[in-house]
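Commentary on secondary and tertiary structure
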Amino acid sequence: MAGQPTYERLALAISNSALAQDTAEALREAHDWVPLEEADAVVALGGDGFMLQTLHRMLDNERILPVYGVNRGTMGFLMNKHRPKGALIERVNRSRPVGISPLRMEAITQDGHTRVECALNEVSLLRETRQTAKIEILVDGKTRIEELVADGVLVATPAGSTAYNLSANGPILPLDSQLLALTPISAFRPRRWRGAILPERVKVTFRINEPAKRPVAAVADQKEVRDVAEVHVEIARDSELTLLFDKGHSLDDRIVAEQFVV
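Let me sum up the structure you'll find in this document. Counting of residues starts from 1 at the beginning of each chain's written sequence and follows it residue by residue. Confidence filtering applies because this is a predicted model: local features only for residues at pLDDT of at least 70, side-chain atom pairs given and counted only at 80 or more, and all residues used for totals across whole chains, interfaces and linings. Working from all heavy atoms in the structure, the side-chain values ignore hydrogens and water.

**A look at the packing of aromatic side chains**
Two measures describe an aromatic ring pair: the distance that separates the ring centres and the angle between the ring planes. Between the rings of Phe, Tyr and Trp (Trp by its six-membered ring), a pair exists once the centres lie within 6.5 Å; its type follows the angle of the planes, with under 30 degrees stacked, over 60 edge-to-face, and the other angles tilted. For the structure shown, the criterion picks out zero aromatic pairs. Think of it as a cone above the ring: NZ of Lys or CZ of Arg counts as a charge over the ring if it is within 6 Å of the ring centre and within 35 degrees of the ring normal. Here R189 stacks its cationic end above the ring of F188, 4.5 Å away from the centre of that ring.

**Observations regarding the nonpolar core**
For the purposes of this section, nonpolar cores are sets of buried Ala, Val, Leu, Ile, Met, Phe, Trp, Tyr and Cys residues that join through side-chain atoms within 4.5 Å. Each residue is placed in one exposure class: buried if its accessible area under a 1.4 Å probe, protein chains only, is under 20% of its type's maximum, exposed if it is over 50%, and partly exposed if it falls in between. Of all hydrophobic cores here, the largest spans 31 residues; its most connected members are L125, I137, L182, F206 and V231. The way it works is that DSSP assigns letters per residue, a run of H or I at least four long becomes a helix, a run of E at least two long becomes a strand, and they are numbered from the N terminus. Of all the elements in the fold, those that place two or more residues in this core are strand 5 (103-109), strand 7 (122-127), strand 8 (133-139), strand 9 (142-156), strand 10 (179-189), strand 12 (204-209), strand 13 (216-220) and strand 15 (228-235). Considering every element that reaches this core, the biggest residue donor is strand 9, with five residues. The contact definition used throughout considers only heavy atoms, calling two residues in contact when any of these lie within 4.5 Å. Non-local contacts of F206, meaning those with residues more than four positions away in its chain, are made with L125, I135, E136, I137, V153, V155, L182, A229, E230, V231 and V233. Counting 28 residues, the second-largest nonpolar core is a separate cluster that includes A39, L55, L65 and L241.

**Let's talk about the side chain of H232**
Along the chain, H232 turns up in strand 15. Classification of H232 by relative accessible area gives buried; the value is 13%. Identification of polar contacts relies on pairs of N or O atoms within 3.5 Å, with a donor-acceptor requirement for protein atoms, meaning one able to donate a hydrogen and the other able to accept it, and with residues adjacent in sequence counted only if both atoms are side-chain atoms. One polar contact links H232 to E230, side chain to side chain, over a distance of 2.9 Å. Apart from the residues lying within four places of it in its own chain, the contact partners of H232 are R104, M105, E106, I108, K203, V204 and T205.

**Points about the sheet that holds strand 2 (residues 41-46)**
Within a sheet, adjacent strands bond to each other through the backbone by hydrogen bonds, running parallel or antiparallel. One open sheet holds the five strands; their spatial order is 1-2-3-16-4, and the pairing between them is mixed. The open sheet is flanked by strand 1 (10-14) and strand 4 (96-100), the only strands paired with a single partner. Between one strand and the next, the sheet's axes are offset by a mean angle of 30°, whatever the strand orientation. Two strands pair under a simple rule: DSSP has to find at least two bridges between them. Of the pairings in the sheet, the one linking strand 3 (residues 67-71) to strand 16 (residues 241-245) comprises two bridges and is parallel in character. Angles shown run from 0 to 180 degrees and are taken between the N-to-C directions of axes, each axis being a line fitted to C-alpha atoms and, for helices, limited to the stretch in contact.

By themselves, these are just geometric observations and shouldn't be taken as functional.
Structure below.
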């Protein structure tokens, strides 16, 4: 395809699963792999969890490369199908790049410390004890819900809308929708509120009511901050990531297909 980059220097990232390790053995002789610091793209062998780990590692190290995932896990929503036959390098160079912007979470704890983390799927606020959380929700500084009484609430990207968000009865968002899903988790009050679909340009703020009595944790994908007092969530526009998908197996196609699963 004209204008599409060619990836020649590939690094191999491998999960600890036996299946990924066995696949790596077969691939090591099929291509001249390079260290990550010399690569212009990465092939990740594993499942969706390992893909998230790989992308987070790039964000943490501030070295972001396109990633072509090969499913050696369970669901493989973010991965391509494993095909033993055929040159992997050719598949990588025929793949379709898909840009994904993560969420940036700024969590302020009850003792005043601030921690910033990124999330590719969702930022979740979850109660820490048997008591429900009480959370004020603001969008661009305007209070939209004075007090959500629930197990928690989350903000999901389109890429993450089919993960925890879907399990919490949130909407599935097309990848190019430029929207975010704001979804309550087991809401008690307001009982009829089922969440909201927001433009991705907004900043969502959560303020914890009665934080000492009803402590809440904030989780950006797998990274948890406990005992938060206030959390700000917005798109990290300066940290766009690129996933590479085989034609006919793009993330857009999977998001559409997921809506017809019964």
